[in-house]
Amino acid sequence: MRYLYIFWIVMLSAVCQNAFGQIKQSGSPYVRNYTAKDFPANNQNWCILTDTLGVMYFGNTNGVLIFDGITWNLIKTPKKTAVRALALDKEKNSVYVGSANDFGYLKPDSAGSLKYQTLTDSVIAKKNPNITSIVKTKNEGVIFETAQELYILKDDGRLSTVTLPVDKIAVKPEDGTRFKGVFEVGDKVYVNHTGAGIMELKAGALFRDIDLIRAGHDIYAMIQVGDSIIIINREEGIFVGDNSNCHKFENELTPLILKDVYCVLRLHDGCFAFGTISKGLIITDKYLNVIKTGLLKHYQIYNLFEDSSNLVWAATNNGLAVVDLYSPFSHFPNNATGISGTIRSVLSYNGMVYLGTDAVYACPIDSLNEPHFKELKNQSGRSAVWKLDTVGGSVIGGTNLGLISIKNGVLTNVDRDRNIFNFVIPKENPNLMVAVGGSGFTVYECKDGVWAHKNGVEGFDFRVRNIAQDSKGAYWVSEKSTGVYQVHFNKNFNYVQDIKNYNSCKVCHLQSEIICLIREKNL
């Protein structure tokens with residue numbers, strides 16, 4: 001037996017193009033979690049990057065965790081310490097690794113397997129540097145940051161050390177002051193120090209940046225946006241620096257990240273992702289207006305990374321999380337929305353979202369980020385809602401206890417003694433409605449904005465569940481067990497004057513642009 005599957009998909013590609021590419025405010029995005037049950041390492045991960053071939057690398061408490069999309073591998077450092085920093089040299093496709101008491105890079109051996117190669121043995125072995133970040137810069141080389149020193153690896157392999165020039169910067173050496181952040185912004189490299197503030201690194205020397213001094217010392221991110229620099233200070237909030245000054249910026253984001261932000265990522269479309277210690281993942285638009293909060297709220301987020309598919313990876317205290325921010329789909333868990341029952345129909349209309357289960361629920365669209373749906377009471381009691389659609393200025397629903405109408409938030413019963421699975425408004429008479437539910441057709445009429453039962457239809461008594469009208473005016477009806485029918489009504493819609501049966505077809509769904517699944521034997 002052979003099967004022919006025919007899909008009529010009209011306008012689908014255009015719809016998909018419009019749906020993808022934006023971060024939706026409504027609902028929760030899809031999240032995929034990886035834990036120590038999935039990979040051979042500790043649950044705690046500190047940093048993320050990908051090489052030029054798309055292989056993922058994660059700084060893990062047990063070493064460097066590598067994922068090629070199928071297989072996980074772990075490379076341990078010689079001292080078996082936590083890897084807290086990674087960086088990529090794209091030209092060499094080299095991955096630099098920073099850990100407690102060591103730093104180096106991954107190098108393939110003669111068999112092509114990656115091995116860890118230390119850079120500290122012959123140069124600074126006695127200092128046991130604890131690497132907190134690595135930055136591959138355009139002009140200054142690869143910078144390995146520790147609390148008290150910067151180690152700079154040049155292209156020729158030379159390794160130099162940079163310390164804080166206290167006498168030149170006029171900062172007293174106090175206990176606890178330290179380097180805390182190296183940031184490449186455009187063609188400049190900025191170094192933050194908890195005692196001295198923001199400095200610029202030029203040709204291996206540090207110079208205090210007077211223009212950015214107001215941004216303070218506890219800097220967690222510096223990101224260039226146009227001609228300005230967005231500076232995230234964990235203790236004081238957000239600053240914006242430009243060519244002339246540095247000023248504080250405050251909005252609804254500020255209280256969310258104060259004393260809690262740990263990492264910041266600028267996404268491909270200019271939006272921002274903020275990883276926090278106790279408030280999860282926060283997403284803003286390019287102007288730092290909050291779009292989403294509460295994502296991954298049970299995780300401490302140490303690092304964020306966006307891959308080539310625009311999936312956002314989060315390194316956390318409890319594994320790795322992959323967030324599909326740009327999917328056109330959102331998730332609304334029933335226990336958080338007030339909905340009960342199986343959702344059979346969804347409708348967005350006039351600033352509201354309506355759901356049909358064993359009742360009708362409604363929620364304003366602008367509340368969908370944290371939605372709570374309200375049940376619209378039906379005088380006939382709860383009943384299965386098969387379809388919701390808009391007709392005129394009303395929302396019309398087909399239920400197993402008749403047709404319902406919703407206008408200005410009030411649900412009324414058009415009738416209560418028919419099961420209505422589906423309905424269509426005839427192109428030739430927009431004041432009528434042809435409904436199917438069980439055997440045959442039922443016709444409704446709208447007068448002065450009010451729908452009422454008009455008549456039944458003779459000449460057709462087969463069980464059908466779906467109905468649609470094509471561009472030529474013919475009506476198509478179907479039911480999974482009885483097949484597909486093409487029918488034509490008389491002018492008054494009280495008699496079926498022509499029927500064509502396609503009983504070898506099995507139709508999944510019908511709508512105004514017909515989409516069907518056909519199975520035929522011996523074709």
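Residues numbered from 1 in each chain as written. Predicted model: local features only at pLDDT ≥ 70, side-chain atom pairs only at ≥ 80, totals over all residues. Heavy atoms only, no water.

(A) Local environment of the overall build of the chain. Scanning the chain from terminus to terminus reveals 4 helices and 46 strands. For the chain, with 523 residues in total, the buried portion stands at 49%. A total of about 26,100 Å² of accessible surface is found on the chain, and carbon and sulfur atoms cover 49% of it. (Helix = DSSP H or I, 4+ residues; strand = E, 2+ residues; numbered from the N terminus. Buried < 20%, exposed > 50% of the residue type's maximum accessible area, 1.4 Å probe, protein only. Areas by Shrake-Rupley, 256 points an atom, 1.4 Å probe, with all protein chains shown as cover.)

(B) How the structure looks around the side chain of Ser99. Mapped onto the fold, Ser99 is located in strand S7 (residues 94-99). A distance of 3.3 Å separates a polar atom in the side chain of Ser99 from a polar atom in the side chain of Thr81. (Polar contact = N/O pair within 3.5 Å; in protein donor to acceptor, adjacent residues only side chain to side chain.)

(C) Geometry of the nonpolar core. Judged by nonpolar contacts, the single largest core of 28 residues is most densely connected at Tyr57, Phe58, Val64, Leu86, Leu106 and Trp313. At the level of secondary structure, the elements contributing two or more residues to this core comprise strand S2 (45-50), strand S3 (56-60), strand S4 (63-67), strand S5 (72-75), strand S6 (83-89), S7, strand S27 (312-316) and strand S28 (319-324). By residue number, the principal contributor to this core is S4, which donates 4 residues. If we skip the residues at most four places from it in the chain, Phe58 touches Asn45, Cys47, Ile48, Gly63, Val64, Leu65, Phe67, Trp72, Leu86, Trp313 and Leu320. Membership of the second largest hydrophobic core comes to 20 residues, among which are Ile23, Cys263, Cys271 and Tyr299. (Core = buried A, V, L, I, M, F, W, Y, C linked by side-chain atoms within 4.5 Å. Contact = heavy atoms within 4.5 Å.)

(D) Representation of the packing of aromatic side chains in the model. Evaluation of the coordinates by the stated rule reveals 25 aromatic pairs. The ring of Phe207 carries Lys202 above its face, with NZ or CZ at 6.0 Å from the centroid. A cation over a ring is seen here: Arg344 above Trp386, with NZ or CZ 5.1 Å from the ring centre. (Phe/Tyr/Trp six-rings, centres within 6.5 Å; stacked < 30°, edge-to-face > 60°. Lys NZ or Arg CZ within 6 Å of the ring centre and 35° of its normal.)

(E) Representation of the pattern of salt bridges. Applying the stated criterion to the full structure yields 11 salt bridges. The closest approach of N and O atoms between Glu200 and Lys202, which form a salt bridge, is 3.9 Å. Relative accessible area serves as the criterion here: at 12%, Glu200 is assigned to the buried category. Judged by its relative accessible area of 43%, Lys202 is partly exposed. Among the salt bridges present, the one from Glu479 reaches Arg463, with a minimum N-O distance of 3.9 Å. Residue Glu479 is found in strand S44 (residues 475-479), and its partner Arg463 is found in strand S42 (residues 463-464); the two are separated by 16 residues along the sequence. Because the salt bridges share partners, they merge into one network encompassing Glu375, Lys377 and Arg382. (Salt bridge = Lys/Arg side-chain N within 4 Å of Asp/Glu carboxyl O.)

(F) A look at the sheet that holds strand S37 (residues 422-424). Spatially, the 4 strands line up as an open sheet ordered S37-S38-S40-S41, and their pairing is antiparallel. Sheet topology places S37 and strand S41 (450-456) at the edges, where each strand pairs with a single neighbour. Strand-to-strand twist across the sheet, computed as the mean angle between neighbouring axes with direction ignored, equals 30°. The sheet contact formed by S37 and strand S38 (residues 432-436) spans 3 bridges and is antiparallel. Across the sheet, residue Phe423 finds its bridge partner in S38, namely Ala435. (Pairing = 2+ DSSP bridges. Axes fitted to C-alpha atoms, helices over the stretch in contact; angles between N-to-C directions.)

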